[in-house]
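Geometric and topological summary
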Amino acid sequence: MIRSYQQAIRDIAKVMVRVKNPTRLLKIITRYLYREMQVKNTAMAIYDKLNQRYVFYDSRGDNRVPKSLIKLDLDNPLVRWFMKHEKRIMIEKDCITTDLIDNMLADGQLIEQDPTLGPRLEKMKETMRNLSACACFPGYYKKDLLGILFVGSKNGTGHLCDDELLFLQTLASDASMAIKTAEYQEALLNKIKALEESLGVIRLLRQKDREKYLQTIIALANTVDAKDSYTCGHHEEVEKWGLMCVEFMNVKFNNNKREILSTALRLHDVGKLGVPDEILHKKGKLTEEEWVKMKDHVRIGAKILEHHDDFKTVAKIILHHHENFDGSGYPYGLKGEEIPLESRIISVVDAFHAMISDRPYRKGLPYDEAIAELKKWSGRQFDPSVVEAFLKVLQKSIHVE
Ligand SMILES: [Fe+2]
């Protein structure tokens, strides 16, 4: 025998809050009723929005819902009764029992008032008989009939008492609310899952787009290399040294920052694509006008990169790779830490590589002389901390004292 109906409602409420899956929740309720209330059978039909009918999710007991009766259509008299709220006119309790139907059928005055009532009550009784139910309880959410709980007669006593009817009505109502909540949560989880899948696809597309863009820019940078015999192989070396530099500096570079630096080191002179060949390859000193065009390669490079959101940071680094530590560089004359660290790194390794490289009109400087130049311009053209780190890189990679 169930301990107390208030306690039972509290127990089931705890379960209802915990269980997020609507079908599982229904099964727990029907099994609980069958076990605790000792009724001959229980069943619960829930509204199936897609097919617009009430479907039995679970039934327990000696007389389980026959397989031929797995659904209740919207024109089923029982469903219509609860949907139309006719009960409010006829009965006090929010449920229908076979005893109540019999009483109404026996009330000649009532039947006479509405000629359709008798046949409808008969059909309701037939539905309940098919389900071996002696009482059924509607569950509403707002005005919508979400489900109907069917309960058979009790073992032993047969009839359900008023307390039991009230308990079952409360349960049907609470269960409907819990099922609605569980349905919302399930729908929400499905939406989140679908959204995450979409985001994954977007990320993949963006990654592919990014790689395609990067490949195009690298191809452009290679075109610059091909145009200028000096730059052939220059960028690979500069990239390697620049990344090694970071390891000897007291700065934190995560993988993302390393990747950005690597791209910037590789592409820093891509803007030379926009510099006329006669200026790029001129052996003598550049005129002032030619020098202006040459200096413009930093802006052109930045413009090429900033078109893609993922390369805006790289564009900024490229824009400032000819700024000098003392503010005497271009294009903005930034000084010290106003210049991005990555730009200051490029400035040192790029200048060093340029000094040691052979040009058509001059031979490259020996390493010791180029190192002396770095030291000489440290604090003026170059960031001293970068020069210090770079000298360690050289010591490590080419064993120069
Ligand atoms: Fe440059």
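Residues numbered from 1 in each chain as written. Predicted model: local features only at pLDDT ≥ 70, side-chain atom pairs only at ≥ 80, totals over all residues.

Digging into the overall build of the protein chain
When helices and strands are tallied, the protein chain shows 17 helices and six strands. Expected size for 401 residues packed as a compact globule is a radius of gyration near 21 Å; at 41 Å, the protein chain overshoots this value by more than 25%. Taken along the three principal axes of its C-alpha coordinates, the protein chain extends 120 × 40 × 35 Å. Contacts in the protein chain between residues far apart in sequence, at least 24 positions, make up 58% of those at least 6 positions apart. (Helix = DSSP H or I, 4+ residues; strand = E, 2+ residues; numbered from the N terminus. Rg over C-alpha atoms; globule rule 2.2 N^0.38 Å. Contact = placed C-beta atoms within 7 Å.)

What to know about the domain arrangement of the protein chain
Along its sequence, the protein chain is carved into domain 1 (5–187) and domain 2 (208–398). Computed from C-alpha atoms alone, the centre-to-centre distance between domain 1 and domain 2 is 78 Å. (Domains from an automatic or database assignment.)

What to know about helix α13 (residues 297–306)
Of all the positions in α13, only His-297, Val-298, Gly-301, Ala-302, Ile-304 and Leu-305 are classed as buried. Mapping the buried residues of α13 onto a view down its axis gives an arc of 160°, with all of them on the same face. (Buried ≥ 20, exposed ≤ 12 C-beta atoms within 10 Å, placed from the backbone. Arc of directions from axis to C-beta.)

Regarding the packing of helix α15 (residues 341–356) against helix α16 (residues 367–377)
Where α15 contacts α16, the axes come no closer than 9 Å and their chain directions differ by 145°. Handedness of the α15/α16 crossing: right-handed. Packed against α15, whose contacting residues are Val-348, Phe-352, Met-355 and Ile-356, the element α16 presents Tyr-367, Ala-370, Glu-373 and Leu-374 at the interface. Among the residues making up the contact of α15 with α16, the classes are represented as seven nonpolar, no polar and one charged. (Axes fitted to C-alpha atoms, helices over the stretch in contact; angles between N-to-C directions. Left-handed = near helix turned anticlockwise from the far one by under 90°. Nonpolar A, V, L, I, M, F, W, Y, C, P; charged D, E, K, R; others polar.)

Here we look at the pairing of strand β6 (residues 144–151)
For β6, the buried fraction is high: seven of the eight residues fall into the buried class. The sheet contact formed by strand β1 (residues 41–48) and β6 spans five bridges and is antiparallel. Among the inter-strand pairings, Met-44 is bridged to a residue of β6, identified as Leu-149. Pairing geometry for strand β5 (residues 135–141) and β6, over seven bridges, is antiparallel. (Pairing = 2+ DSSP bridges.)

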